[in-house]
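Observations on chain architecture
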Amino acid sequence: MYNEFILNKKISLYVSKNNSSLSKVASLILINNLNNISNIILPGGKTPIGLYSELSKSKMNWEEKSILLSDERLFCKKKENTNLFNLKKHLIDKINKKKPKLFELPHSEKSVSKCNEVFFKKKYLTILGIGTDGHIASQFRNDNDFINNSKKSYFFSEFKHNGFKRVSISIEKILNSKEIIFLLDGEKKNNIIKKIIKNKFNEKIPYQFLIQNFKNKIRVICNKNTIPLIYDKKYNI
């Protein structure tokens, strides 16, 4: 179903043999690496919808798990355009047995409560996508404070991105993850894979800052068409 390549002591690359099986591979790897981890940070956007669906079919004991989204649009009038809507529709609502506990992101710095902090008291694993511009969750390169505000649990973007201000898990909380899984799909992510394989990073770009400073295991899962041709031949994918 996939090929695994150890890039270095910290990073492993998983390449789905079939472009349509990315979500199945991601679900399998996630479930296999949840040993003694009860909390999961899941990404937003369209790419992980397939992963949500695959996880909803799993035999995981969801009652013992807690879920938190990595980021969300703020003050979005159409609920169907929110990450929370997709998470509930494609994962939470499809789980027939007892469901996981769902932690919701705060809508402003003033609304951050002790309840929002409880999630981080247990071990947690984080799954993230990476935008073509290098953003992770809702932390973009032009949000200069994404590093300065890292000591907080949540980051509220100063600028609008695609028409919305956003809330995101802070860099520090992501750095405290037991493990990080990156989910990459499509040829547009070729350059990101190149950077990860070469292990050359610019800390002004959010995902590169995260990889450079993360101390634990990183797993990068992608489709075959996400791999640049030069590495396709090198690794005989």
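Data block above holds the structure.
Structure report, in brief. Treat the numbers as computed from the prediction; the structure is a model and nothing was measured. Note that residues are indexed from 1 along each chain, following the sequence as it is written. Where totals are concerned, whole chains, interfaces and linings use all residues; where local detail is concerned, this predicted model gives features only for residues with pLDDT of at least 70, and gives and counts side-chain atom pairs only at 80 or more. Hydrogens and water are ignored here; the side-chain numbers use all heavy atoms of the structure.

By the element assignment, Ser168 lies in strand E9 (residues 166-169). Here a polar contact is taken to be a pair of N or O atoms separated by no more than 3.5 Å, where protein atoms must pair a possible hydrogen donor with a possible acceptor and residues adjacent in sequence count only if both atoms sit in side chains. A polar atom in the side chain of Ser168 sits 3.3 Å from the side chain of Gln139. Setting aside chain neighbours within four positions, we find Ser168 in contact with Ser70, Asp71, Ala137, Ser138, Gln139, Ser153, Tyr154 and Phe155. The way it works is that DSSP assigns letters per residue, a run of H or I at least four long becomes a helix, a run of E at least two long becomes a strand, and they are numbered from the N terminus. By definition, residues are in contact when any of their heavy atoms lie within 4.5 Å.

A word on the sheet that holds strand E11 (residues 217-223). If you walk across this open sheet you meet the eight strands as E1-E2-E11-E10-E7-E3-E4-E6, and the pairing is mixed. If you trace the sheet from one side to the other, it starts and ends with strand E1 (2-6) and strand E6 (101-103), each paired once. Strand after strand, the sheet turns through a mean of 20° between neighbouring axes, direction not considered. Sheet analysis places strand E3 (residues 39-42) next to strand E7 (residues 124-128), joined by three bridges and oriented parallel. Looking at the pairing, Ile40 lines up with Leu125 of E7. Helix H8 (residues 206-213) contacts strand E2 (11-16), E7, strand E10 (179-184) and E11 of the sheet and is inclined by roughly 145° relative to E10. In this description, strands pair whenever DSSP reports at least two bridges between them. Lines fitted to C-alpha atoms define the axes, with helix axes restricted to the stretch in contact, and inter-axis angles between N-to-C directions lie between 0 and 180 degrees.

Any Lys or Arg side-chain nitrogen located within 4 Å of an Asp or Glu carboxyl oxygen qualifies as a salt bridge. Inspection of every chain in the model, using the stated rule, returns three salt bridges. Ionic pairing is found between Glu63 and Lys98, a salt bridge with its closest N-O pair at 3.6 Å. Highlighted residues: Glu63 in the loop between helix H2 (49-57) and strand E4 (66-69) and Lys98 in the loop between helix H3 (83-90) and E6, separated in sequence by 35 residues. Between Arg219 and Glu179 there is a salt bridge, and its shortest N-O distance comes to 2.5 Å. Residue Arg219 is found in strand E11, and its partner Glu179 is found in strand E10; the two are separated by 40 residues along the sequence. In terms of burial, Arg219 and Glu179 fall into one category: buried. Buried residues are those whose accessible area, probed at 1.4 Å on protein chains only, stays under 20% of the maximum for their type, while exposed residues exceed 50% and partly exposed ones sit between those limits.

Keep in mind these numbers describe shape, not what the thing actually does.
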